[in-house]
Amino acid sequence: MGTTIELGVQGMTCAACVNRVERGLKKVEGVQEATVNLASERATITFDENQIQPQTLIDRIREVGYEAVVGDLELPISGMTCANCVSRVERALRKQPGVLSASVNLASERATIQYLPTALSAAELKQVVRDAGYGVIETQQHVQQEDAEKAARELEVKKLRSSLTLSAVFSVPLFLLAMVPMLYPPFEMWLMDTLGHRGSVSGMNVLMLLLATPVQFGPGMRFYRGGLKALQHRSPDMNTLVMIGTSAAYLYSVIATFWKGIFPSGTAHVYYEASGVVITLVLLGKYFEAIAKGKSSEAMKKLLSLQARSARVIRGGQELEVPVEEVRLSETIVVRPGEKIPVDGEVQEGSSFVDESMLTGEPIPAEKTAGSKVTGGTLNQHGVLMFKATRIGRDTALAQIIKLVERAQGSKPPIQGLVDKVVAVFVPIVLAIALLTFLGWLIFGGENALSQALVHTVAVLIIACPCAMGLATPTSVMVGTGKAAELGVLFKNGEALEMLHKAGLVALDKTGTLTMGKPTLTDFVVQAGFEERDVLSLVASAEKNSEHPVAAAIVRGAEQRGVALLKSSSFTAVPGFGLEASVSGRTVQVGADRHMVNLGLEVSAFAGQARALGSEGKTPLYAAIDGKLAAIIAVSDPIKSSTPEAIKALHSMGLKVAMVTGDNKNTAQAIGRQLGIDQVLSEVLPSGKADAVQSLQQQGKVIFVGDGINDAPALAQADVGLAIGTGTDVAIETADVILMAGDLRGVPNALALSKSTLQNIKFNLFWAFAYNIILIPVAAGVLQSTLGWSLSPVLAAAAMGLSSVFVLTNALRLKTFQPPVKVREIRQNPSSSTPVQT
């Protein structure tokens, strides 16, 4: 018998589609039966789960040309304390049939789940988390979600503060009762005389018991609840270690207080201060940790705070203020000075300057006039703007950016894989070390063997809590990606964050990346026997049907010269070569020199002009009229003012820079020399950009930066793809990193931040591992006989708490990151502002 699941399938239109999906699924090894229903748009599949997983079936549906319906869910989780909690929740979720992937982030306290909605519901997934021993913060919508999470975090901090206060009230006098008599013997004599003995029971010990018990079974109960659930799921964690350690010290002390006769003479010591103070110090560490966690997500809070709560819309001729959730597409919205722009749109009336710094990283406001794009969440500064809503709700750029940052913060870079493997076996190993420590001291401990065994075992259990390990990577990723968002750099995942700084070469698309992407007509020279205005009229009339930037430049040039455009027909574009059209009965062919060669035309007559134009960095094109070479055309795409500074910054970071362009060799080399580019790949057809990147990858890892539709394959081929945020949706969708400002200076900033974040992660991991490697042997008493070094349970608890706080504090240092290149350029009348596609 196999496992049967249902998959929603999108894109089917007829019975042929049904047959294709069925055949595709049945060819997968391990599939026993597959039936597809067109009406319900579902596939029912029976398969052997020992051979294949649901993800294989989803991939197969995509391979045959359709899309499987997959649900994505993010659950805010409360109650997690360490890396073992993360592992337990992940395992519980992944065991559920229909869950494709589950990733839990300790720092953000979120679970990101991909699942099959046909197999289980969000409510069932929440219950799985609760059954694993944790809480799920209920949310209604995205804006309310942050409020709910914030309230939950504040409640957790409040609870910790209350528990810590109560614990400290009893533990401080308990600690003083244990320590002061050793430092001042007369005080010990006074206590003994005052408290006395009742039979064989010491009054002093009874007083310490009365102080320790409220701590052990009051604030300390949180460790019992978590620790016992962890043991039930066979996944011991921090709570388990604290529970076992403090319980051992407490129970040993209780027995030593009332039945000390069962111990060998001289070994019936009490360790109430160890159990009580350890719990207090662990709570203190968790309290500081909770405060630091809140600070690590401040970048996300800033993004969420950008969302406007209301909008002024024009309805029925009246201006009404409505909640931003009620804004409809194409409605006219009014924004006054000092107000936030509520949704994305296009300006219809008015002019102003808008502060877009939180989205793009550019501190100077951008000018907005009729036709300009505006983005929800940005701040209108001076004039009144009236604009048409083009994207609302989850489709706005800000909503998509928030989603992108959340996903990046919840993702795991490859370096986390090692940590996950270690953490999976760490606590069981610690328990084994604690057992060996106890047995070792019990056998070889001499006169006070039992008490020594207890003290060292408790110290090992407490010092080894894997909190710092679990926080080392996600907190750095969270703060790093949040800081990147402030600078206008969006990382899609942790892998991109880690891989970026490993590259040695940056390949740049020319048009729209190095240049403005708005070419202008600079030269137009005709052959003898042709009239310049007539040829320009024919060429521009043919080009007006093309959407290529060069075509637009020729048309604008003709219009600026007062040349009339004629009616054209039979337009045919040849990508990477040129075009052909019929204009007023005449055949017009325009394109690069290779296009003319394909047409059998000799371009040597213009060789001198072509060399001269190419040396100036201009792109020479040719025009043929009725099969005869008629003119050479020069189009120049101005280089962005930010480009030279960006390339200089990349060189200063030790990176090589390559340019990939369709320009002819002379033009490309001229631009390369002008910008100081190390390697120029010219005459690359749109379809050949991915091959060009692949050839560069023979030199090492390559970053490709582009913005056009034809850049998507190259962005996917590169080790890391960076899309200019003002580019096309396709390029942004394909890229791993997005530069929202459309400024090339964001590339060195992204590289520098990647390097700083990875250094931060590595330092955190070094600290987390080194701390345990060094201090576990000390806690076990290995160095006591040789160097006299030992570690009491109290000091172990303090060290454990400080290690987590240290890791969090170190991660927060990324908030002070300063980009190597400042983005200062003002963007006048931006022509586009394409949202991020997630």
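Treat the numbers as computed from the prediction; the structure is a model and nothing was measured. (Residues numbered from 1 in each chain as written. Predicted model: local features only at pLDDT ≥ 70, side-chain atom pairs only at ≥ 80, totals over all residues. Heavy atoms only, no water.)

Trainee: Explanation requested: the overall build of the protein in the structure shown.
Mentor: Looking only at helices and strands, one finds 29 helices and 32 strands in the protein. For the protein, the proportion of its 838 residues judged to be buried stands at 53%. Taking all contacts inside the protein whose residues are at least 6 apart in sequence as the whole, residues at least 24 apart take part in 69%. For the protein, the exposed area adds up to about 35700 Å²; of that, 56% sits on carbon and sulfur atoms. (Helix = DSSP H or I, 4+ residues; strand = E, 2+ residues; numbered from the N terminus. Buried < 20%, exposed > 50% of the residue type's maximum accessible area, 1.4 Å probe, protein only. Contact = heavy atoms within 4.5 Å. Areas by Shrake-Rupley, 256 points an atom, 1.4 Å probe, with all protein chains shown as cover.)

Trainee: Sorry if this is basic, but what is going on with the sheet that holds strand E16 (residues 366-368) here?
Mentor: Paired through their backbone hydrogen bonds, the strands of a sheet run either parallel or antiparallel. The three strands lie next to each other as E16-E15-E18, forming an open sheet whose pairing is antiparallel. Each edge of the sheet is formed by a strand with only one pairing partner; in this case those strands are E16 and strand E18 (379-380). (Pairing = 2+ DSSP bridges.)

Trainee: I'm lost on helix H25 (residues 689-696) in this one. Help?
Mentor: Helical periodicity: at 3.6 residues per turn, an α-helix aligns residues three or four positions apart in one direction. Burial in H25 covers these residues: Lys 689, Ala 690, Ala 692, Val 693 and Leu 696. Projection of H25 onto a plane perpendicular to its axis shows the buried side chains occupying an angular sector of 160 degrees, all on one side. On its buried face, H25 sits against strand E21 (505-509), strand E28 (656-660), strand E29 (679-681), strand E30 (702-706) and helix H26 (712-717). (Arc of directions from axis to C-beta.)

Trainee: Is there a simple way to explain the packing of aromatic side chains in this structure?
Mentor: Centre distance and the angle of the planes are the two values used to describe a pair of aromatic rings. All chains considered together, the criterion is met by eight aromatic pairs. Where Phe 217 meets Tyr 250, the ring centres are 5.4 Å apart and the plane angle is 85 degrees; that geometry is what we call edge-to-face. On the criterion of sequence distance, the pair formed by Phe 217 in helix H7 (residues 203-217) and Tyr 250 in helix H9 (residues 238-258) is long-range, its members being 33 residues apart. Here Tyr 250 falls in the buried class, since its relative accessible area comes to 9%. Three or more aromatic residues link up through ring pairs in this structure, and these residues are Phe 217, Tyr 224, Tyr 250 and Tyr 272. One cation-aromatic arrangement involves Arg 594 over Phe 577; the distance from NZ or CZ to the ring centre is 5.6 Å. (Phe/Tyr/Trp six-rings, centres within 6.5 Å; stacked < 30°, edge-to-face > 60°. Lys NZ or Arg CZ within 6 Å of the ring centre and 35° of its normal.)

Trainee: Hey, could you run me through the pairing of strand E23 (residues 568-574) in this one?
Mentor: Side chains on a regular strand alternate between the two faces of the sheet. Sheet topology note: the E23/strand E24 (residues 578-583) ladder contains five bridges and is antiparallel. In the strand pairing of E24, Ser 568 is matched with Val 583. Count of turn residues in the E23/E24 antiparallel hairpin: three residues, of which Gly 576 carries a positive phi of about 85 degrees.

Trainee: Which parts of the structure should I look at to understand the side chain of Glu 498?
Mentor: As for its placement among the helices and strands, Glu 498 is situated in helix H17 (residues 494-499). The class of Glu 498 is buried, set by a relative accessible area of 6%. Within the structure, Glu 498 has its side chain in polar contact with the side chain of Lys 502 (distance 3.3 Å). Once residues within four sequence positions are removed from consideration, Glu 498 is found in contact with Pro 413, Pro 414, Ile 415, Ser 754 and Leu 758. (Polar contact = N/O pair within 3.5 Å; in protein donor to acceptor, adjacent residues only side chain to side chain.)

Trainee: Looking at this structure, I do not really get H9. What am I missing?
Mentor: Under the 1.5 Å per step criterion, the end-to-end length of H9 is 30 Å for 21 residues, consistent within 8% with the ideal 30 Å. The element H9 is extensively covered by neighbouring structure, given that 16 of its 21 residues are classed as buried. (Expected span 1.5 Å × (residues − 1).)

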